[in-house]
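Observations on the model geometry
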Amino acid sequence: MIFELKYRVFGKLNFETPLRIKKYPYKILLFEENGLFFISISKKIDSNSKCLPTFEISNSIKEIKLPSIDSYQEMEDIISHIESFGALDNKLEYIDKLNVFMKWIPENENDHFSPLSQIERKLDNDPILDAISYNWLSSTILHKNQLGELYFPFSFFREGKRLFNSMRYQSSFCTFYMMLEYFFTESSYGIKNDAYKRDKCLKHCLINCLNDLQKYQQHYEWLNKEIVSRKKNYNEDGLLFILNRFRDELSHAVKKDKNRNPFNEHKYFSLSFITMMICINVSIKKRLLPFIQTTEINGFLER
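Report follows, based on the coordinates. (Residues numbered from 1 in each chain as written. Predicted model: local features only at pLDDT ≥ 70, side-chain atom pairs only at ≥ 80, totals over all residues. Heavy atoms only, no water.)

**What to know about the pairing of strand E2 (residues 19-23)**
Where we set the bar: Remark: exposure states derive from per-residue accessible area (1.4 Å probe, protein chains only) relative to the maximum for the residue type, with buried under 20%, exposed over 50%, and partly exposed in between. Comment: elements are numbered from the N terminus, with helices defined as DSSP H or I runs of at least four residues and strands as E runs of at least two. A pair of strands is labelled paired if DSSP reports no fewer than 2 bridges between them.
Of all the five residues making up E2, zero are buried; the element is thus mostly uncovered. Here E2 pairs with strand E3 (residues 26-33) via five bridges, running antiparallel. Note that in E3 the partner of arginine 20 across the bridge is leucine 29. Linking E2 back to E3 in an antiparallel pair, the connection comprises two residues.

**A closer look at a nonpolar patch on the surface**
What counts here: Residues enter patches when they are more than 30% accessible in relative terms and free of salt bridges; like-charged ones are connected within 9 Å and nonpolar ones (Val, Leu, Ile, Met, Phe, Trp, Tyr) within 5 Å. Here the open area of atoms and residues is found with the Shrake-Rupley method and a 1.4 Å probe, where only the protein chains shown may cover a residue. When a carboxyl oxygen of Asp or Glu is within 4 Å of a side-chain nitrogen of Lys or Arg, the pair counts as a salt bridge.
A contiguous nonpolar patch, built from Phe55, Ile57 and Ile64 and spanning about 310 Å² of accessible area, is present on the exposed surface. Of note, isoleucine 64 is situated in strand E6 (residues 61-65). Under the relative-accessibility criterion, isoleucine 64 is labelled partly exposed at 35%.

**Notes on the side chain of asparagine 261**
Rules: Contacts are assigned to residue pairs that have any heavy atoms within 4.5 Å of one another.
Tracing the backbone shows asparagine 261 in the loop between helix H8 (236-249) and helix H9 (269-288). Leaving out residues up to four positions away in the same chain, asparagine 261 has contacts with Gln170 and Lys256.

**So, the packing of helix H7 (residues 217-229) against H9**
The test is simple: Structural elements are reduced to axes, namely lines fitted to C-alpha atoms, with helices fitted over the stretch in contact, and the angle between N-to-C directions of any two is expressed from 0 to 180 degrees. Here is the rule for angles: anything less than 35 degrees is roughly parallel, anything more than 145 is roughly antiparallel, 65 through 115 is roughly perpendicular, and the remaining ranges are oblique. Under the scheme applied, nonpolar residues are Ala, Val, Leu, Ile, Met, Phe, Trp, Tyr, Cys and Pro; charged residues are Asp, Glu, Lys and Arg; polar residues are all the others, including Gly.
Two elements in contact, H7 and H9, have axes separated by 9 Å at closest approach and are oriented at 105 degrees. With respect to each other, H7 and H9 are oriented roughly perpendicular. On the side of H7, the interface is formed by Gln218, His219, Trp222 and Leu223, while H9 contributes Phe269, Ser270, Leu271, Phe273 and Ile274. When grouped by side-chain class, the residues that make up the contact of H7 with H9 number six nonpolar, three polar and no charged.

This is the structure:
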């Protein structure tokens with residue numbers, strides 16, 4: 001069976017016939033289809049391959065689970081390699097790796113061991129949207145003076161969420177961190193590892209995140225592994241330490257397995273998700289704080 005990934009290519013490309021390259025065990029094809037450019041990469045797999053989708057039954061619910069990105073990471077790395085050098089040497093703008101066509105192509109009668117023949121892994125471009133009410137728009141405008149310059153740090157959340165939805169998890173984490181840094185820095189930059197001891201808002205937003213995170217098994221397990229590997233505890237001290245270490249590590253590009261690596265976004269999915277959770281907690285408290293009576297502020301921050 002042949003496993004194939006096909007990606008849309010953007011740019012002003014110039015070639016007369018499809019370009020075919022073989023690099024064992026892969027075949028790469030750059031071609032034009034209906035006026036659009038595509039690139040595909042394929043390889044042979046057997047029935048034990050991790051690149052196969054799996055058919056699972058859980059609580060009488062049947063579902064097909066796609067292979068993890070780890071199983072075909074080398075294929076995506078080759079596409080990323082072509083993308084980087086194509087931007088330098090040709091007029092290739094980018095390759096859309098967020099939306100990919102996946103195919104499992106049998107070569108003979110004995111090759112029908114995949115529950116799927118093809119599927120498109122794509123971002124949801126048409127999510128269900130919450131209705132914008134008159135009351136929301138009215139109160140947002142009327143309370144502008146009370147909310148002061150919150151629009152500035154909240155703009156980091158807006159940009160971080162856009163990057164998160166685009167699966168650019170390293171950049172989204174760094175942008176979410178800047179929102180937290182705006183509120184909780186005690187120097188010219190960064191957040192001190194013990195800052196939560198002096199700021200009730202930060203402390204209880206970290207605690208709330210730790211409590212809520214247990215609802216999300218994937219992210220909960222990821223954080224526990226990071227905490228154990230860095231010899232910390234599952235508490236506000238450990239969580240803030242983790243954020244600060246990643247903030248330092250992702251500010252550099254010396255070691256691709258530890259520092260910023262645009263070809264390894266999925267590794268930072270949970271980090272970005274957790275930081276976004278903290279930012280949401282912080283935004284709620286900071287947004288309501290101007291309307292809380294002075295005598296009730298401590299109790300409000302400790303919720």
